[in-house]
Amino acid sequence: MAEETARVVVVGAGAAGTLVSARLLDSAVRAGRRISVDLIDPARCTGRGLAYATADPRHLLNVPAGRMSALPADGDDFVRWLSRRAGRPFDPGAYVPRGIYGSYLVDVLRRSVDAAEGIATLHRRCTRVVAVGGTADADRVRLRLREGGTLDADAAVCALGNLAPGRGWVPEGLWRSPCFVDDPWHPGALDGIAGDRDVLLVGTGLTMCDVARTLCAPGRTVHAVSRQGLVPLPHAVAAPVGAPAVAPGPVPAHGDLAQMRREVLRRAAQYRRQHGDWRPAIDELRPHVTEMWQRLSSADRERFLAGTLREWEVSRHRLAPATDRALTESLRSERLTVRAAEVIAARAGENGRSVTVNLSDGRSITVGTVVNCVGTEGRTRELADPLVRSLLDSGTAVPGPQGLGLDTTAEGRLVPAAGRPAAPVWTLGQLRRGNLWETTAVPEIRVQAVELADVILDRVHASLSV
Ligand SMILES: Cc1cc2nc3c(=O)[nH]c(=O)nc-3n(C[C@H](O)[C@H](O)[C@H](O)COP(=O)(O)OP(=O)(O)OC[C@H]3O[C@@H](n4cnc5c(N)ncnc54)[C@H](O)[C@@H]3O)c2cc1C
């Protein structure tokens, strides 16, 4: 008798959803099991999501090409792909435009689809999933689509990634103003910004750096503000890819945030003294960050979120050297200013083409546009996303530690509310932040995708053969 085909639905076709779909197809081929994967995202393009949809060639990966392979077991895959594309050997230390990385992810998925012909299939659907939950059959899951239809499947993966940017700071006078850009990564969001008007960017992280790179131009001042006014630090100009850590040491042994912070600073100073650069001290910690986060007490994690977080983020998520050079030049020529300040109030100008913003440092500035660059923020219960709300309201999921993301088992399955059965729903990437903290970038997502694919395939075929 022919084996039944298992159906898995992947919600979100950004990097995470694309990689988990590819790995599901690969696992099915390896195991000789039939599977059909539905990959769902309202965006027409696959593999790009928030980070890799940009068409601006100045928006670069913040990691050298040699560390961005989609395949954990084949670290050179991206560089080989780039070399084939360029027709010459490609420098693994180069920082590539993010749009090119999006094309690579599409190709990674295409290769898996081709290799799976006859055994596993992929269906790409352009719509939004508004609810995911269990069914009367505990081994099945039901997804509700924006248009009203439903899909039943043997398993679902929520690869929702970077949800809507934080809006808690947006004052009344700005919210519905035509001068406000709520999401700079929405396709075309920056296109309508008049070239002759000043701009205010709220948030000074990686998104601000890219948006400033697009908008800084002669005759315009781009103002950027955030609570602490800290901007990501640059990578070393010639960061050796794959260089061994100078003196790999154990994870800082202390469970206390203050001691952990002192230990990280001590290591950074030691590296700088011995090797002239502090950065390897931070990079070396990366595989240990999850353990460090999990070891902190809940009170210390809250202290981290309220204070040390920004200091860590600007050292850990660094800028490509070319982006840093461009920003430094914009700061020097005063086309860009970066200050520590918060937005207090905003008042629309009479013609609706400008807005005057009052800042906590006493300044009042009039600009043509205010751009929200704060990135995904806030605890899960504060998110307005309909799918996340429905997961919480139905008890299919609960927030993760510190109210961040969704609570998951060690293998990434959603933990239900007390007394509710666990639905066959898994997640990866950003939504596992409360459990893992270090989970938002490709080097972590690619590993999670492989692990999830194997777990899900085993699980769905076990339940089909019962
Ligand atoms: C500006 C920027 C630069 C970055 N640069 C790097 C880098 O250089 N290297 C690196 O490793 N990481 C980088 N990152 C981290 C980046 O977030 C990850 O690499 C990766 O893009 C995360 O992919 P994702 O699929 O989890 O999320 P996303 O890219 O956010 O994709 C999620 C997808 O899910 C879809 N979706 C959400 N809800 C639903 C729903 N209900 N129904 C259907 N679809 C839904 C969305 O439409 C979206 O397409 C960067 C992030 C940002 C913001």
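A few points on the structure. (Residues numbered from 1 in each chain as written. Predicted model: local features only at pLDDT ≥ 70, side-chain atom pairs only at ≥ 80, totals over all residues. Heavy atoms only, no water.)

**Details of the sheet that holds strand β16 (residues 425-427)**
Here five strands make up an open sheet; going across it, the order is β3-β2-β1-β7-β16 and the pairing parallel. Strands with a single pairing partner mark the edges of an open sheet, and in this sheet they are β3 (120-125) and β16. Neighbour to neighbour, the strand axes of the sheet diverge by 20° on average, direction disregarded. Here strand β7 (residues 155-158) pairs with β16 via three bridges, running parallel. Opposite Val157, over in β16, you have Trp426 as the bridge partner. (Pairing = 2+ DSSP bridges. Helix = DSSP H or I, 4+ residues; strand = E, 2+ residues; numbered from the N terminus. Axes fitted to C-alpha atoms, helices over the stretch in contact; angles between N-to-C directions.)

**Brief notes about the side chain of Arg23**
Mapped onto the elements, Arg23 comes out in helix α1 (residues 15-31). Residue Arg23 is classed as buried on the basis of its relative accessible area, which comes to 8%. Setting aside anything within four residues of it in sequence, one finds Arg23 in contact with Ala70, Leu71, Val108, Ser112, Ala449, Val450 and Ala453. (Buried < 20%, exposed > 50% of the residue type's maximum accessible area, 1.4 Å probe, protein only. Contact = heavy atoms within 4.5 Å.)

**A few points about the sheet that holds strand β15 (residues 369-372)**
The strands making up a sheet associate through backbone hydrogen bonding, with each pair oriented either parallel or antiparallel. Read across the sheet, five strands follow the order β8-β15-β9-β10-β11 without closing on themselves; strand pairing throughout is parallel. The sheet terminates laterally at β8 (180-181) and β11 (336-340), the two strands that pair on one side only. Pairing of strand β9 (residues 199-202) with strand β10 (residues 222-226), which is carried by four bridges, proceeds in the parallel orientation. Residue pairing across strands places Leu200 opposite His223, the latter belonging to β10. Along the sheet, helix α5 (residues 206-215) makes contact with β9, β10, β11 and β15, crossing β9 at roughly 165°.

**Regarding the site of the ligand**
In the vicinity of the ligand there are 31 residues, among which Asp41, Leu50, Tyr52, Asn62 and Val129 approach most closely. One of the side-chain nitrogen or oxygen atoms of Tyr52 is found 2.7 Å away from an oxygen atom of the ligand. Between the ligand and the protein, one listed contact pairs a nitrogen atom with a backbone N or O atom of Val129 at 2.8 Å. A total of 980 Å² of accessible area belongs to the ligand in isolation, and the protein chains cover 91% of it. Those elements that provide at least two residues to the shell around the ligand are α1 and α13 (442-464). It is α13 that contributes the most residues to the shell around the ligand, three residues altogether. Tallied by class, the residues present in the shell around the ligand amount to 20 nonpolar, eight polar and three charged. (Near = heavy atom within 4 Å. Polar contact = N/O pair within 3.5 Å; in protein donor to acceptor, adjacent residues only side chain to side chain. Areas by Shrake-Rupley, 256 points an atom, 1.4 Å probe, with all protein chains shown as cover. Nonpolar A, V, L, I, M, F, W, Y, C, P; charged D, E, K, R; others polar.)

**Overview of the environment of Arg98**
The residue Arg98 is located in helix α3 (residues 98-115) in this model. When the C-alpha positions of Arg98 and Asn62 are compared, they lie 8.8 Å apart, and in sequence the two are 36 residues distant. Aside from chain neighbours lying at most four places away, what touches Arg98 is Ala51, Tyr52, Thr54, His59, Leu60, Leu61, Trp185 and Asp210.

**A few points about helix α10 (residues 321-332)**
With twelve residues, α10 should reach 16 Å at 1.5 Å per residue; the first-to-last C-alpha distance of 16 Å fits that figure. For α10, the set of buried residues is Pro321, Thr323, Leu327 and Ser330. Elements in contact with the buried residues of α10: α5 and β11. One or two steps after α10, the chain reaches Glu334, where phi turns positive at roughly 60°. (Expected span 1.5 Å × (residues − 1).)

**Overview of helix α9 (residues 298-316)**
When the terminal C-alpha atoms of α9 are compared, their 22 Å separation across 19 residues is substantially less than the 27 Å that a helix rising 1.5 Å per residue should span. At Thr308, α9 shows its maximal bend, which comes to roughly 70°. Within α9, the full set of buried residues consists of Asp300, Arg301, Phe304, Leu305, Thr308, Trp312, Glu313, Val314, Ser315 and Arg316. Close packing links the buried residues of α9 with α6 (257-275), α7 (279-285), α8 (289-295) and α12 (433-436). (Bend = angle between axes of the 7 residues up to and from the residue.)

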